[in-house]
Amino acid sequence: MSYELKIALRFLKSGKTQTLFILMGIAVGVAVQIFLGSLITSLQESLVDRTIGNSSQITIKAEDDEISRALTENNQEEETLLRGNFSVIEKSLNNWSLIVGQLQGDERITAISPAIQGTALIRSAGKNQSIQVKGIELENADKIYDISQRLTGGEPLVEGNSILIGSKLSENLGIGTGGVVSLLTPKGETVRFIVGGVFDLQNESVNESLVFMDLKRAQKLFQLGSGITAIEIQISDPFQADVVAEEWKSQLSEVKIDQWKAQNEQLLSALASQSSSSYTIQFFVILAVTLGISSVLAVSVVQKSKEIGILKAMGSTKTSASRIFLLQGLILGILGSIVGSGLGILLLSVYQFFNQGSGSLVINYTWSGILIIGMIATAAATFASLIPARRSANLNPMEAIKNG
Amino acid sequence: MDKVLIHGENLVKEYGTAIKTRALDGVDLQLNEGEFASIIGASGCGKSTLLNLLGALDRPTAGKLYFKDKEFSSMNEFELAQFRNRRIGFIFQFHHLLPEFTALENVLIPSWIESGVVNQKKQERAIELLETVGLKDKIRNPSNNLSGGQQQRVSIARALINDPDLVLADEPTGNLDSESTEQVYDLLRKINRDLGMAFLIVTHDRHIAEKSDRIIEMKDGKIISDYLTRSETPEAIWKNIAPINCKYRIQFGDGEQDEHRVCMPDTGYSGS
Ligand SMILES: Nc1ncnc2c1ncn2[C@@H]1O[C@H](COP(=O)(O)OP(=O)(O)O)[C@@H](O)[C@H]1O
Ligand SMILES: [Mg+2]
């Protein structure tokens, strides 16, 4: 052990109250950072997960025709206004199996599901309701929507004339599994279907207006031949959606690629400002801790000036004299971070304990996150000891040993 | 012929920038190996300043200083620190131990500074030295648990741990009662005889000066007299050193011709 370390440790030990005070300061700072950081990250993750966890993150569609382009260039509201009550089917994507084949090798893709989206009118027992029809291959769609796991009744099957309807829709129409409904297509055709199951995707508007049917059956219903209207995709890191979409745009021709980030700009900017306010708080916590350590150590240099002077008279160099205080900062930082990490984790488990129950937020923390916070705190503590260390280095030994 | 240990030529030291105080005003001094010398003189005459220059705690404003032919001004700050650590032992008036450490650890600190790390290489030597200063049973005591005289003896042991060539003591007994003063002085003298390192002691205590090999007297930043005690009679020595801050008079015992030398502090010189 270097003698500077030994002296640093003794100085810390001899000023027990001061040392405990700074340690608590650092520990509380670190704990707050861990708690706040984990809370906000978990909140955001859960929010993002709720938004895009069970929906298409990147959607490949056929290129817009002139009219659609003109419409979508205006804002969303206007579009619904213009399209109003007309039933629509989106433009058909005919070379879809080629595109799917081309993308299949991309390791970032976790789910890829060809789909047909259209609107129709559903009729049962004299009630009419406008709905969204989605033609799917259940096995692929499950990877996005997890339909099979979320059935409240019936069988996870879409075949022939068997369809799955949302729980709210089932309620509104007063019809359940095994019931018969009629769909009126935009082309004016009426077809009868059997309700094969009822799902609950935990989203009110989806449960109220979505109907899943077999992809092939939907192709026939909307007269698309072998075409589809969209390829729905999820990727491993949803926040890379824009990058991935850009990349694919240059590889695929005559398609339009939408991704969730562009469609959720408001959410993302809310998240970003939440993050930045969290960073601001964390910055000020670190700043307060740094100033605290710095001032306590500065007082300590004054208190120990006689001893530093005597050490210098006995041959300690300036470097050693400053190292004694840098080491104190480093030790305080490391100890404070360790105690603070424990405290932070404890705080999280206490919070979790009092906020149990379904639907409540689960807070996750990562060891790497805690390590980073600890390292920042340690670096700040060492940085805080720079000024006291400089003072110690420049202390004149003759002042200290002056008689009297 | 004695070997010269440290040698100063025309040493000048000025303090301050706007108003200059000339603390040393052309001092020539030569100290031999193993010599036991005292510096006396009124408060403020530059004794501590001279000691600080000799101990490389400070650099002279003018003049040259050699340690065994090596010139101080050629050494950088690191070399000077090393010089202080290996060649010089300091003893100060207010003992200045590190209160966070035990007596033994305090003695070992200069050896830690020398090697840069905490080790027990010189532990035996430190215990030996503590034994020499009569603190064998106090080695594990926290240093702030010791009396003033004990602390001063620890700092003597500390000054000796790295086997210095020169021990500089600035009023080492100024803070102690007369009994402890006597003990500490006898100890320094004994160490000088046994171990052979040179001592330069600033003192207000006439008795200590009287028993030194050599007395250097200063006034207003200059050396005004410098002589070996063995070349003078005790009476002459006493007469020489007494007027500095004692009123010298001979008191006669009742009826008999007993001569007592009495030293009375002169309030005109309040020593610090
Ligand atoms: N650091 C300093 N700054 C300014 N003046 C000083 C300083 N140290 C000593 N002096 C002045 O130098 C002179 C000699 O001081 P010093 O060597 O301490 O005397 P002594 O030890 O003989 O009492 C005094 O006049 C003192 O006021
Ligand atoms: Mg002095």
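Worth saying up front: this structure is predicted, and the values here are computed from it rather than measured. Residue positions are given per chain, counting from 1 as you read along its sequence in written order. Ligands are numbered from 1 and chains lettered from A, in the order in which they are written. Residue-level local features of this predicted model are given only where pLDDT is at least 70; pairs of side-chain atoms are given and counted only at 80 or more, and the full residue set underlies all totals for whole chains, interfaces and linings. Based on all heavy atoms of the structure, the side-chain values leave hydrogens and waters out of the count.

**Details of the pairing of strand E2 (residues 21–32) of chain B**
Two faces belong to every sheet, and in a regular strand the side chains alternate between them.
Residue and element names in this part refer to chain B.
For step 1, the next point in the chain: If DSSP finds at least two bridges between two strands, the strands pair. In DSSP terms, a helix is any run of H or I states spanning at least four residues, a strand is any run of E spanning at least two, and both are numbered starting from the N terminus. With nine bridges connecting them, strand E1 (residues 4–15) and E2 associate as antiparallel partners. Of the residues in E2, the one forming a bridge with Val-12 is Asp-25.
For step 2, the next point in the chain: Counted along the chain from E1 to the antiparallel partner E2, the turn is five residues long, and its residue Gly-16 has a positive phi close to 80 degrees.

**Concerning the interface of chain A and chain B**
For step 1, the next point in the chain: Contact definition: two residues touch when any of their heavy atoms are within 4.5 Å. Every contact between the two is made by 27 residues of chain A and, on the other side, 28 residues of chain B.
For step 2, the next point in the chain: Two parts lose some accessible area (1.4 Å probe) when they are put together, and adding that loss for both gives the buried area. Between chain A and chain B, a total of about 2400 Å² is buried, with carbon and sulfur atoms accounting for 67% of that surface.
For step 3, the next point in the chain: Here, a salt bridge means any Lys or Arg side-chain nitrogen found within 4 Å of an Asp or Glu carboxyl oxygen. At the boundary of chain A with chain B, the tally comes to three salt bridges.
For step 4, the next point in the chain: Ionic pairing is found between A:Arg10 and B:Glu105, a salt bridge with its closest N-O pair at 2.7 Å.
For step 5, the next point in the chain: Whenever two N or O atoms come within 3.5 Å, that pair is a polar contact, provided that in protein one can donate a hydrogen and the other can accept it, and provided that, for residues adjacent in sequence, both atoms are side-chain atoms. Counting across the interface, chain A meets chain B through eight residue pairs in polar contact (both at pLDDT 80 or more).
For step 6, the next point in the chain: Counting residues per element, the ones that place at least two in the side of chain A that touches chain B are helix H1 (3–14), helix H13 (305–313) and helix H17 (397–401) of chain A.
For step 7, the next point in the chain: It is H1(A) that contributes the most residues to the side of chain A that touches chain B, seven residues altogether.
For step 8, the next point in the chain: When residues are sorted by character, Ala, Val, Leu, Ile, Met, Phe, Trp, Tyr, Cys and Pro go into the nonpolar class, Asp, Glu, Lys and Arg into the charged class, and all the rest, Gly among them, into the polar class. In terms of residue class, the side of chain A that touches chain B is made up of twelve nonpolar, seven polar and eight charged.

**Focus on the confidence of the model for chain B**
Residues and elements named next belong to chain B.
For step 1, the next point in the chain: pLDDT: the predictor's confidence for each residue, scored from 0 to 100. With 86% of its residues at a pLDDT of 70 or more, chain B shows a mean pLDDT of 84.
For step 2, the next point in the chain: With pLDDT under 50 throughout, residues 244–251 is counted as low confidence; its partners more than four residues away or in other chains account for 32 contacts.
For step 3, the next point in the chain: Overall, residues 255–272 carries pLDDT values under 50, and its contacts beyond four positions in sequence, including any with other chains, amount to 38 contacts.
For step 4, the next point in the chain: Scoring the predicted complex yields pTM 0.77 and, for the interface, ipTM 0.85.

**Thoughts on the site of ligand 1**
Residue and element names in this part refer to chain B.
For step 1, the next point in the chain: Nearness is judged by heavy atoms alone; a residue qualifies as near a molecule or strand once a single heavy atom is within 4 Å of it. Around ligand 1, the neighbouring residues are Tyr-15, Thr-21, Ala-23, Ala-42, Ser-43, Gly-44, Cys-45, Gly-46, Lys-47, Ser-48 and Thr-49.
For step 2, the next point in the chain: Residue Thr-49 places a side-chain N or O atom 2.4 Å away from an oxygen atom belonging to ligand 1.
For step 3, the next point in the chain: When the free accessible area of ligand 1 is taken as 560 Å², the share hidden by the protein chains comes to 66%.
For step 4, the next point in the chain: Those elements that place two or more of their residues in the shell around ligand 1 are E2 and helix H1 (47–54).
For step 5, the next point in the chain: Ranked by residue count, the leading element in the shell around ligand 1 is H1, at three residues.
For step 6, the next point in the chain: Grouping the constituent residues of the shell around ligand 1 by class yields four nonpolar, six polar and one charged. Per-residue and other accessible areas were derived by the Shrake-Rupley procedure at a 1.4 Å probe size, with only the shown protein chains allowed to occlude residues.

**Details of the packing of aromatic side chains**
Residue and element names in this part refer to chain A.
For step 1, the next point in the chain: Side-chain rings of Phe, Tyr and Trp, where Trp is taken by its six-membered ring, are said to pair if the distance between their centres is within 6.5 Å; with planes under 30 degrees apart they count as stacked, over 60 as edge-to-face, and otherwise as tilted. Inspection of the entire model under this criterion finds 14 aromatic pairs over all chains.
For step 2, the next point in the chain: Ring plane angle 75 degrees and centroid distance 5.6 Å describe the contact between Phe-35 and Tyr-351, whose orientation is recorded as edge-to-face. Of this pair, Phe-35 sits in helix H2 (residues 16–52) while Tyr-351 sits in helix H14 (residues 318–354), and the two are 316 residues apart along the sequence.
For step 3, the next point in the chain: Relative accessible area serves as the criterion here: at 17%, Phe-35 is assigned to the buried category.
For step 4, the next point in the chain: Each residue is placed in one exposure class: buried if its accessible area under a 1.4 Å probe, protein chains only, is under 20% of its type's maximum, exposed if it is over 50%, and partly exposed if it falls in between. Of the residues examined, Tyr-351 reaches a relative accessible area of 28% and is grouped as partly exposed.
For step 5, the next point in the chain: Aromatic side chains Phe-283 and Phe-284 sit 5.3 Å apart centroid to centroid with 75 degrees between the ring planes, which places their arrangement in the edge-to-face category.
For step 6, the next point in the chain: Exposure remark for Phe-283: the relative accessible area of 51% places this residue in the exposed category.
For step 7, the next point in the chain: One aromatic cluster is present, formed by Tyr-145, Phe-199 and Phe-212 through successive ring pairs.
For step 8, the next point in the chain: For a Lys NZ or an Arg CZ to count as sitting over a ring, it must be within 6 Å of the ring centre and within 35 degrees of the ring normal. Just above the ring of Phe-11 sits the side chain of Lys-304; from NZ or CZ to the centre is 4.9 Å.

**Thoughts on the nonpolar core**
For step 1, the next point in the chain: Counting residues in hydrophobic clusters, the biggest one holds 112 residues, and the most contacted among them are B:Leu50, B:Leu130, B:Ile156, B:Leu166 and B:Leu200.
For step 2, the next point in the chain: The element best represented in this core is H14(A), accounting for eight residues.
For step 3, the next point in the chain: Other than its neighbours up to four places away in sequence, B:Leu200 contacts B:Leu31, B:Ala37, B:Ile39, B:Leu51, B:Leu54, B:Leu166, B:Val167, B:Leu168, B:Ala169 and B:Ile216.
For step 4, the next point in the chain: Put simply, a nonpolar core is a bunch of buried Ala, Val, Leu, Ile, Met, Phe, Trp, Tyr and Cys residues held in one set by side-chain atoms that sit within 4.5 Å of each other. A:Val100, A:Ile122, A:Ile165 and A:Ala218 belong to the second largest nonpolar core, which has 50 residues in total.

**Looking at the sheet that holds strand E6 (residues 88–91) of chain B**
Hydrogen bonds along the backbone pair up the strands of a sheet, which may run parallel or antiparallel.
All names here are of chain B.
For step 1, the next point in the chain: Pairing within the open sheet is mixed, and its six strands lie in the order E6-E7-E8-E3-E9-E10. Of all the strands in the sheet, just E6 and strand E10 (222–228) have a single pairing partner and so form its edges. Taken pair by pair, the neighbouring strands of this sheet meet at an average axis angle of 15 degrees, ignoring direction.
For step 2, the next point in the chain: Helix H2 (residues 77–87) rests against E6 and strand E7 (166–170) of the sheet, and its axis sits at about 75 degrees to E6. All axes here are fitted lines through C-alpha atoms, helices being fitted over the stretch that makes contact, and every angle between N-to-C directions spans 0 to 180 degrees.

**A word on H13(A)**
For step 1, the next point in the chain: Across the nine residues that make up H13(A), a large majority, seven, are buried.
For step 2, the next point in the chain: Inspection of H13(A) places A:Glu307, A:Ile308, A:Gly309, A:Ile310, A:Leu311, A:Lys312 and A:Ala313 among the buried residues, and these make up the whole buried set.

**A short note on the pairing of strand E2 (residues 109–124) of chain A**
Residues and elements named next belong to chain A.
For step 1, the next point in the chain: A large share of E2 lies buried, amounting to 13 of its 16 residues.
For step 2, the next point in the chain: Where E2 lies against strand E9 (residues 230–235), six bridges are found, and the strand directions are antiparallel. The residue of E9 that forms the bridge with Ile-109 is Ile-235.
For step 3, the next point in the chain: Direction of pairing for E2 relative to strand E3 (residues 127–136): antiparallel, over a ladder of ten bridges. Within the sheet, the bridge partner assigned to Ala-120 lies in E3 and is Ile-131.
For step 4, the next point in the chain: Between E2 and E3, which pair antiparallel in sequence order, lie two residues; one of them, Ala-125, sits at a positive phi of approximately 45 degrees.
For step 5, the next point in the chain: Across three bridges, E2 lies against strand E6 (residues 180–184) in antiparallel orientation. Along E6, the bridge assignment pairs Leu-121 with Leu-184.

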